[in-house]
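Here are the chains, one letter per residue:
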Amino acid sequence: MSTAIAGTPVRALLLFGVALISAGCSQPSTLQEIREEGVLHVITRVAPSIYIEEEGGPTGYDYELAKLFADELDVKLSIRVAGDNTEILSVLRQNYAHIGMAGLSSQTALSDEYRTVPTGIAAQSVLIYNRDVERPESLADLADKTVHVVADSNHEQRLSEAQSDLPELQWQIHPGLDAAGILSRVESGEFRYATISSNVLEMNQVFYPMVKEAFAIGVPRELTWFFPAAQDESLAKAAEEFLEKLRVDGTLAQISERFYGHLDRLNYVGARTFMHHVKSRLPKYEPLFREYAKEYNIDWRLLAAIGYQESHWRPNAVSPTGVRGLMMLTRNTASHIGINNRLDAEESIQGGAKYFRIVHEKIPERIPEPDRSWFALASYNVGFGHLEDARRLTESAGKDPDRWMDVKEFLPLLAQKEWYSKTRFGYARGNEPVAYVQNIRRYYDVLARLHEPGVQPPAIKPQLVQMEGQNMKDTPHDDPRAGSELRAALPPELGMIPPTL
């Protein structure tokens, strides 16, 4: 009996020792491993909606989120670029990366191999076609046609679901092509029909004016990050909590606005006109845009985008109100900044760059880019006083007066008596600066993609004629009449693009 009693503590100690050894040798969580290594490994592919290298460094909606997440974890972000989604999924399947950014939504077929976390952008599959062929009204119209699809996309699942009701539906998968490759072939007519994600089409439509959207396939679903099933849940859970925090504090919406808020697409005529002018007119003036943008510390593509908004890069452009030249300077403004001949392209571009720098420097330094540039553009368009009125309205509504995405909601209210009667500077055509900024952002976006993919617009804008083409310089900035007639900067079809609110 004494032996049995004596043996009890021995067995207990042995079990306790085993427990300690097991605990000491237990596998750390994925999150712990990342923090110990100090690196978050992410695999992605090149796409404007996900990740792209710009002359100022990498950017993209998913990349910006991943960078913030790495900062939250206090680790370095390591990006590996894959050729396509097939490679991304393969790397994750082998647990060779922590996160995959593929621009895909969650799929039932992949649920056993990957965990997913939504990233805040909803998209759906859309059927696109070459505008020279008959527009299909539904998938039933494609019974004897072939739909072209990129590999490892959401579109395969959507088409497979539809095939149960339309057994004759057929499609061809192209492992060697990305979305841009599909779009270019639809543009040329090589492919008559294809499927693509709606957000990808929004970002690329202007480059492919022969491509049209026919209809959506399925419902919008949120795009996600993918995590290897071989990982435990710690990293995915941390990412989910972090993205939720960004959603609550408004950061997620602000990043979304930065990449998607200006994508009201140029229509067919507007896109073709712009692309034609990029080839036929821009080369003549590009050296001047580069030279004076550098002198005044502006991204030359932003300066060129402003020039296109103002005059379609026409050095002899003249408005009914007297603003004139490639940058549409008023006489008073030209005199103020030392420009003698507004119809001289070089003087006009130099004056525009100088004037935009002046306007830009009035915007509070605490406002970070690119919002500071958007405020500068809006200020030149509608006047600094009216912009301040809109910012005060924004603040009184409990929103952030230093965020463009918030202020652009309140600028249009300056045209309504119930609102402008409460402001210091009164009435203004508040829709115009919103659309003006939106257009320049879109032109800049295209130029950045065509000319060394570019960094978020640095800072500057020489306002001269509004998006609606107004004479902002012949009247004081805070004159209620400011914001008028000139529309030289836009094709008639673009007229007044509704603001993205």
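Everything numeric here is computed off the predicted structure, so don't read it as measured data.

Q: How should the overall build of the chain be read in this particular structure?
A: In terms of regular secondary structure, the chain is built from 19 helices and 10 strands. In the chain, 73% of the contacts between residues at least 6 apart in sequence involve partners at least 24 apart. By element, 50% of the accessible surface of the chain is carried by carbon and sulfur atoms, the whole surface being about 21400 Å².

Q: Quick question: what am I supposed to make of the confidence of the model for the chain here?
A: Detailed reading of the predicted coordinates is not advisable wherever pLDDT is low. Chain-level pLDDT for the chain is 81 on average; 82% of the residues reach the 70-or-more range. Long-range and interchain partners of residues 1–23, a stretch whose pLDDT sits below 50, account for 0 contacts in this model, where long-range means more than four residues apart. Within the model, the stretch residues 453–501 combines pLDDT values under 50 with 226 contacts to residues more than four positions away or in other chains.

Q: So what exactly am I meant to see when it comes to the pattern of salt bridges here?
A: Should their charged atoms come close, side chains of opposite charge can pair. Taken as a whole and judged by the stated rule, the model has 17 salt bridges. Between Lys 145 and Asp 144 there is a salt bridge; the shortest N-O distance is 2.8 Å. Judged by relative accessible area, which is 21%, Lys 145 ranks as partly exposed. Residue classification places Asp 144 among the exposed residues on the basis of a relative accessible area of 60%. Between Arg 366 and Asp 402 there is a salt bridge, with its nearest N and O atoms 2.7 Å apart. Taken as a pair, Arg 366 in the loop between α14 (345–362) and α15 (371–382) and Asp 402 in the loop between α16 (384–396) and α17 (404–410) lie far apart in primary sequence, 36 residues in all.

Q: Hey, could you run me through the packing of helix α12 (residues 300–311) against helix α19 (residues 431–450) in this one?
A: To characterise two packed helices, one gives the angle between the axes of the helices and the distance between these axes. At a minimum axis separation of 8 Å, α12 and α19 run at an interaxial angle of 125°. If you check the angle between α12 and α19, you find them oblique. Seen from above, α12 lies across α19 with right-handed handedness. Contacts from Arg 301, Leu 302, Ala 304, Ala 305, Ile 306, Tyr 308, Gln 309 and Glu 310 in α12 reach Tyr 436, Asn 439, Ile 440, Tyr 443, Tyr 444, Leu 447 and Ala 448 in α19.

Q: Looking at this structure, I do not really get α12. What am I missing?
A: An α-helix turns once per 3.6 residues; consequently, residues spaced three or four apart project the same way. Here α12 contains 12 residues, and its C-alpha end-to-end distance of 16 Å stays within 8% of the 16 Å for a straight helix at 1.5 Å per residue. Among the 12 residues that make up α12, 12 are buried, leaving the element largely enclosed by the rest of the structure. Phi for His 312, located one or two positions after α12, is positive at around 60°.

Q: Before we go on, may I ask you to explain a negative patch on the surface in this structure?
A: On the surface, Glu 291, Glu 295, Asp 344 and Glu 346 cluster together to form a negatively charged patch. With respect to the helices, strands and loops of the structure, Glu 295 is situated in helix α11 (residues 282–295).

Q: How should I be thinking about unusual backbone geometry in this particular structure?
A: Most peptide bonds take the trans configuration, and most residues that are not glycine carry a negative phi. Geometrically, the link from Glu 369 to Pro 370 is a cis peptide bond, its omega value of 5° lying close to zero. With phi around 60°, Asn 95 is a residue other than glycine that occupies positive phi space. In this fold, Asn 95 is placed in the loop between α4 (85–93) and β5 (99–105). Not every positive phi belongs to a glycine, and Asp 152 is a case in point at roughly 50°.

Q: Even after reading the chapter, I still don't get the nonpolar core, so can you show me in this structure?
A: Nonpolar side chains tend toward joint burial in soluble globular proteins. Core analysis: the biggest nonpolar cluster contains 77 residues, and Ile 128, Phe 274, Phe 289, Trp 313, Ile 349 and Leu 411 have the highest contact counts within it. The greatest single-element share of this core, amounting to 9 residues, is contributed by α19. Look past the residues within four positions of Ile 349 in its chain and what remains in contact with it is Tyr 285, Leu 288, Phe 289, Tyr 292, Leu 303, Leu 326 and Met 327. Counting 36 residues, the second-largest nonpolar core is a separate cluster that includes Tyr 63, Leu 73, Ala 236 and Phe 242.

Q: Help me understand the packing of aromatic side chains, please; the structure alone is not making it clear to me.
A: All told, the structure shown has 11 aromatic pairs when counted by the stated rule. Taking the centre distance of 5.6 Å and the plane angle of 65° together, the rings of Tyr 51 and Tyr 63 count as edge-to-face. Of the two residues, Tyr 51 sits in the loop between β1 (39–45) and β2 (52–54) while Tyr 63 sits in helix α3 (residues 61–73), which places them 12 residues apart along the sequence. Per residue, the accessibility class of Tyr 51 equals that of Tyr 63, and both read buried. For the pair Tyr 114 and Phe 226, a centre-to-centre distance of 5.8 Å together with 75° between the ring planes defines the contact as edge-to-face.

Q: Even after reading the chapter, I still don't get the environment of Met 327, so can you show me in this structure?
A: The topology assignment puts Met 327 in the loop between α12 and α13 (331–336). Sequence-wise, Met 327 and Gly 351 are 24 residues apart; in three dimensions their C-alpha atoms are separated by 7.9 Å.

Q: How do you make sense of empty space enclosed by the protein when you look at a structure like this?
A: Sizing a probe to match a water molecule and rolling it over the atoms shows the empty space that remains. Under the defined criterion, the tally for this structure stands at 6 cavities of 30 Å³ or more. Approximately 240 Å³ is the volume attributed to the second largest cavity. If you go around the second largest cavity, you meet 26 residues; those closest to its centre are Arg 45, Asn 85, Val 150, Ser 153 and Ala 179. Looking at the lining of the second largest cavity, the elements that each hand over two or more residues are α4, β5, α5 (154–163), α6 (179–188), β9 (193–197) and α7 (198–204). Split into classes, the residues belonging to the lining of the second largest cavity amount to 11 nonpolar, 11 polar and 4 charged.

Q: Help me understand the side chain of Thr 30 in this model?
A: Mapping Thr 30 onto the fold places it in helix α2 (residues 30–37). Looking at Thr 30, the relative accessible area reads 7%, which means it is buried. Discounting residues that sit within four places of it in the chain, Thr 30 has contacts with His 98, Gln 231, Asp 232, Ser 234 and Leu 235.

Q: How should α14 be read in this particular structure?
A: Between the first and last C-alpha of α14 there are 26 Å, a value that for 18 residues agrees with the 26 Å anticipated at 1.5 Å per step. Residues Ala 345, Ser 348, Ile 349, Gly 351, Gly 352, Ala 353, Tyr 355, Phe 356, Arg 357, Val 359 and His 360 constitute the buried set of α14. Buried residues in α14 make contact with α11, α12, α13 and α15.

Q: Would you take a moment to explain the pairing of strand β7 (residues 146–150) for this structure?
A: As a general feature of sheets, a regular strand has side chains that alternate between the two faces. Counting buried positions along β7 yields 4 of 5 residues, so the element is predominantly enclosed. Relative to strand β8 (residues 170–174), β7 runs parallel, the two being bridged by 5 bridges. Its bridge partner lying in β8, Val 150 is registered against His 174. Running through α5, the crossover from β7 to the neighbouring parallel element β8 is right-handed.

Cut-offs and rules
Residues numbered from 1 in each chain as written. Predicted model: local features only at pLDDT ≥ 70, side-chain atom pairs only at ≥ 80, totals over all residues. Heavy atoms only, no water. Helix = DSSP H or I, 4+ residues; strand = E, 2+ residues; numbered from the N terminus. Contact = heavy atoms within 4.5 Å. Areas by Shrake-Rupley, 256 points an atom, 1.4 Å probe, with all protein chains shown as cover. pLDDT = per-residue confidence, 0-100. Salt bridge = Lys/Arg side-chain N within 4 Å of Asp/Glu carboxyl O. Buried < 20%, exposed > 50% of the residue type's maximum accessible area, 1.4 Å probe, protein only. Axes fitted to C-alpha atoms, helices over the stretch in contact; angles between N-to-C directions. Parallel < 35°, antiparallel > 145°, perpendicular 65-115°, else oblique. Left-handed = near helix turned anticlockwise from the far one by under 90°. Expected span 1.5 Å × (residues − 1). Patch = residues over 30% accessible without salt bridge, like charges linked within 9 Å, V, L, I, M, F, W, Y side chains within 5 Å. Lys, Arg positive; Asp, Glu negative; His and termini not counted. Charge placed at Lys NZ, Arg CZ, Asp CG, Glu CD. Core = buried A, V, L, I, M, F, W, Y, C linked by side-chain atoms within 4.5 Å. Phe/Tyr/Trp six-rings, centres within 6.5 Å; stacked < 30°, edge-to-face > 60°. 1 Å grid on protein atoms, 1.4 Å probe; cavity = no way out; pocket = protein on both sides within 12 Å on 5 of 7 lines; lining within 4 Å. Points joined across faces, edges and corners; volume = space filled by probe spheres on them. Nonpolar A, V, L, I, M, F, W, Y, C, P; charged D, E, K, R; others polar. Pairing = 2+ DSSP bridges. Right-handed = clockwise from strand over helix to strand, strands pointing away.

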